2 protein chains.
Amino acid sequence: MSLRYVILTALSEQDLTGYQITKEFDLVLGNLWSASHQQVYRELAKLADEGLASFEMEAQTGKPDRKIYSLTTAGKDDLSRWIEEPVLFAPTRNALLVKLYAGGNRDTLLEHVTCFKANCRAALAEYQAIAKRYYPERLEDMEEWKKRAYLTLRYGVTQREAQVAWAEEAEQVIGDLGQSDDTALDGDCGPDQAEAN
Amino acid sequence: MSLRYVILTALSEQDLTGYQITKEFDLVLGNLWSASHQQVYRELAKLADEGLASFEMEAQTGKPDRKIYSLTTAGKDDLSRWIEEPVLFAPTRNALLVKLYAGGNRDTLLEHVTCFKANCRAALAEYQAIAKRYYPERLEDMEEWKKRAYLTLRYGVTQREAQVAWAEEAEQVIGDLGQSDDTALDGDCGPDQAEAN
DNA sequence: TAGCCATATGCAACAGTGTGCATATGGCTA
DNA sequence: TAGCCATATGCACACTGTTGCATATGGCTA
């Protein structure tokens with residue numbers, strides 16, 4: 001149910017097209033939520049249908065026509081109401097941890113963890129690039145909306161840093177394990193392990 | 001697609017009923033994944049249907065009959081294959097960050113963050129209880145499967161600790177904000193800056 | 001005895017997300 | 001000119017997850 005409010009939030013800043021909102025998910029918004037363009041268009045249609053947003057067609061030269069969406073009063077009210085609601089915390093669902101728990105070949109697990117670490121580092125680099133570009137000033141000098149946005153970025157940074165640290169700890173521990181030790185699986189340490197996928 | 005493999009993992013340790021698997025999600029497994037009993041039963045039925053697991057009815061005295069599920073060879077193979085596959089990382093979806101980004105009343109945001117912090121602390125306390133009960137020995141003295149399980153718990157601990165630290169930082173920053181400052185909602189204060197991007 | 005709880009299993013409907021496919025404009029390049 | 005890319009929008013179906021409801025055994029307690 002949150003995607004709709006992410007979109008309402010984006011629209012509360014400025015009028016946007018579905019295409020632009022989708023792009024936002026690759027930038028600042030991506031740190032909070034993510035959605036495909038199909039999801040975005042579908043949700044926008046629903047929002048317009050329910051009167052929370054409205055749109056105007058805009059003809060362009062050299063590019064296809066587009067629909068520029070803006071919040072209605074009802075949309076603003078609904079967003080405000082939602083913000084006041086208690087936050088629903090999503091349960092953990094972590095495939096990497098499942099694989100680690102399940103067992104399997106040591107080198108495979110190491111690869112998974114190393115890949116995870118690389119992902120986290122890449123995310124960190126992106127966050128730092130965003131910080132440099134959008135939040136170059138000191139916290140005290142930021143406008144209030146910017147302080148709040150910066151906090152969401154800080155969340156991503158601190159989480160990723162903790163993940164990298166954990167990954168390094170995990171690499172150590174897994175590195176010290178024997179070659180193969182599935183929980184109750186094939187258990188052979190035979191020559192092969194077909195690289196799936 | 002992962003729920004099925006979480007269940008296969010649980011079954012790879014020992015034969016279990018749907019009821020027991022559901023209980024597991026409240027304990028150690030809860031740190032990796034979560035699912036309702038309806039989901040568990042549905043998935044078990046599918047696994048049996050596809051020949052990845054099989055079950056035997058067991059009559060009990062004083063309690064209802066139950067189905068004890070066990071992995072088939074095909075099930076073990078499928079689990080092994082899945083473990084080898086690259087991990088699919090789930091995109092971020094964080095309602096708290098959305099609300100923080102959107103704005104709203106300062107005290108509301110503070111409440112949300114404080115509630116989040118309390119949740120994290122509660123989770124930490126649970127993790128510590130589990131650590132004390134299930135992993136009292138030193139890491140070096142653990143069996144290999146236990147080292148891996150311990151790592152998954154460590155992940156939870158390090159993440160939660162980072163979240164608590166962030167929450168305290170956030171409380172500071174939000175505490176210094178003015179009373180009300182929605183992005184473009186009711187409480188406008190002059191010419192709203194709608195920062196592009 | 002009535003109601004609650006733990007044990008034990010499940011169906012049905014719906015909401016939310018993901019994936020594949022489709023369509024159209026027009027610029028740039030091989 | 002053919003193909004690719006960015007822009008721009010969307011449908012249909014499948015899968016995953018949530019919610020409400022249903023059923024049954026038997027112990028414990030008010």
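Conventions used here
- Residues numbered from 1 in each chain as written.
- Chains lettered and ligands numbered in written order.
- Predicted model: local features only at pLDDT ≥ 70, side-chain atom pairs only at ≥ 80, totals over all residues.
- Heavy atoms only, no water.
- Domains from an automatic or database assignment.
- Phe/Tyr/Trp six-rings, centres within 6.5 Å; stacked < 30°, edge-to-face > 60°.
- Helix = DSSP H or I, 4+ residues; strand = E, 2+ residues; numbered from the N terminus.
- Buried < 20%, exposed > 50% of the residue type's maximum accessible area, 1.4 Å probe, protein only.
- Lys NZ or Arg CZ within 6 Å of the ring centre and 35° of its normal.
- Least-squares fit on C-alpha atoms with pLDDT ≥ 70 in both.
- Contact = heavy atoms within 4.5 Å.
- Buried area = accessible area lost by both parts, 1.4 Å probe.
- Salt bridge = Lys/Arg side-chain N within 4 Å of Asp/Glu carboxyl O.
- Polar contact = N/O pair within 3.5 Å; in protein donor to acceptor, adjacent residues only side chain to side chain.
- Nonpolar A, V, L, I, M, F, W, Y, C, P; charged D, E, K, R; others polar.

Quick word on the domain arrangement of chain A
Then, in step 1: Along its sequence, chain A is organised into domain 1 (3-84) and domain 2 (95-175).
Then, in step 2: Each of domain 1 of chain A and domain 2 of chain A was reduced to a C-alpha centroid, and the two centroids are 28 Å apart.

Observations regarding the packing of aromatic side chains
Then, in step 1: Under the definition given, this model contains 16 aromatic pairs over all chains.
Then, in step 2: A ring pair is formed by A:Phe55 and A:Tyr69, whose centres lie 5.2 Å apart and whose planes are at 45°; its orientation type is tilted. Here the residue A:Phe55 occupies a position in strand β1 (residues 53-58), and A:Tyr69 occupies one in strand β2 (residues 66-71), the gap between them amounting to 14 residues.
Then, in step 3: Given the relative accessible area of 35%, A:Phe55 is considered partly exposed.
Then, in step 4: For the ring pair B:Tyr135 and B:Tyr150, a centre distance of 5.5 Å and an interplane angle of 65° mean the geometry is edge-to-face. Of the two residues, B:Tyr135 is situated in the loop between α6 (106-134) and α7 (144-175) and B:Tyr150 in helix α7; the sequence distance between them amounts to 15 residues.
Then, in step 5: For B:Tyr135, a relative accessible area of 9% translates into the label buried.
Then, in step 6: For B:Tyr150, a relative accessible area of 23% translates into the label partly exposed.
Then, in step 7: Within the aromatic cluster, the residues linked to one another by ring pairs are A:Phe89, A:Tyr155, B:Phe116 and B:Trp166.
Then, in step 8: Against the face of A:Phe55 rests A:Lys67, its NZ or CZ located 4.6 Å from the ring centre.
Then, in step 9: Cation over ring: B:Lys99 sits above A:Trp82, and NZ or CZ is 4.4 Å from the ring centre.

Some thoughts on the relation of the copies chain B and chain A
Then, in step 1: For the pair chain B and chain A, the relating rotation is 180°, the translation along its axis is 0.0 Å, and the fit reaches an RMSD of 0.1 Å. Those values place the two copies in the arrangement expected of a two-fold rotation axis.
Then, in step 2: Looking at the interface residues of chain B, 99% of them are also at the interface in chain A, so both copies use one shared face.

Examining the interface of chain B and chain A
Then, in step 1: Counting from both sides, the interface comprises 79 residues of chain B and, opposite them, 83 residues of chain A.
Then, in step 2: Here chain B and chain A share an interface that buries about 7900 Å² over both sides, 62% of which is from carbon and sulfur atoms.
Then, in step 3: Where chain B meets chain A, there are two salt bridges.
Then, in step 4: B:Arg154 is the salt-bridge partner of A:Glu169, the closest N and O atoms lying 2.8 Å from each other.
Then, in step 5: There are 28 residue pairs in polar contact (both at pLDDT 80 or more) connecting chain B and chain A.
Then, in step 6: Among the elements of the structure, α1 (3-13), α4 (73-84), α5 (95-102), α6 and α7 of chain B are those that each provide at least two residues to the side of chain B that touches chain A.
Then, in step 7: Per-element tally for the side of chain B that touches chain A: the top contributor is α7(B), with 19 residues.
Then, in step 8: A class-by-class count of the residues in the side of chain B that touches chain A yields 38 nonpolar, 23 polar and 18 charged.

Examining the environment of A:Val98
Then, in step 1: Relative to the helices and strands, A:Val98 resides in helix α5 (residues 95-102).
Then, in step 2: Using a relative accessible area of 1% as the deciding quantity, one classes A:Val98 as buried.
Then, in step 3: Residues A:Val98 and A:Arg138, 40 residues apart in the sequence, show an inter-C-alpha distance of 41 Å.
Then, in step 4: Ignoring anything within four residues of it in the chain, the contact list for A:Val98 reads B:Val6, B:Thr9, B:Leu32, B:Trp33 and B:Trp82.

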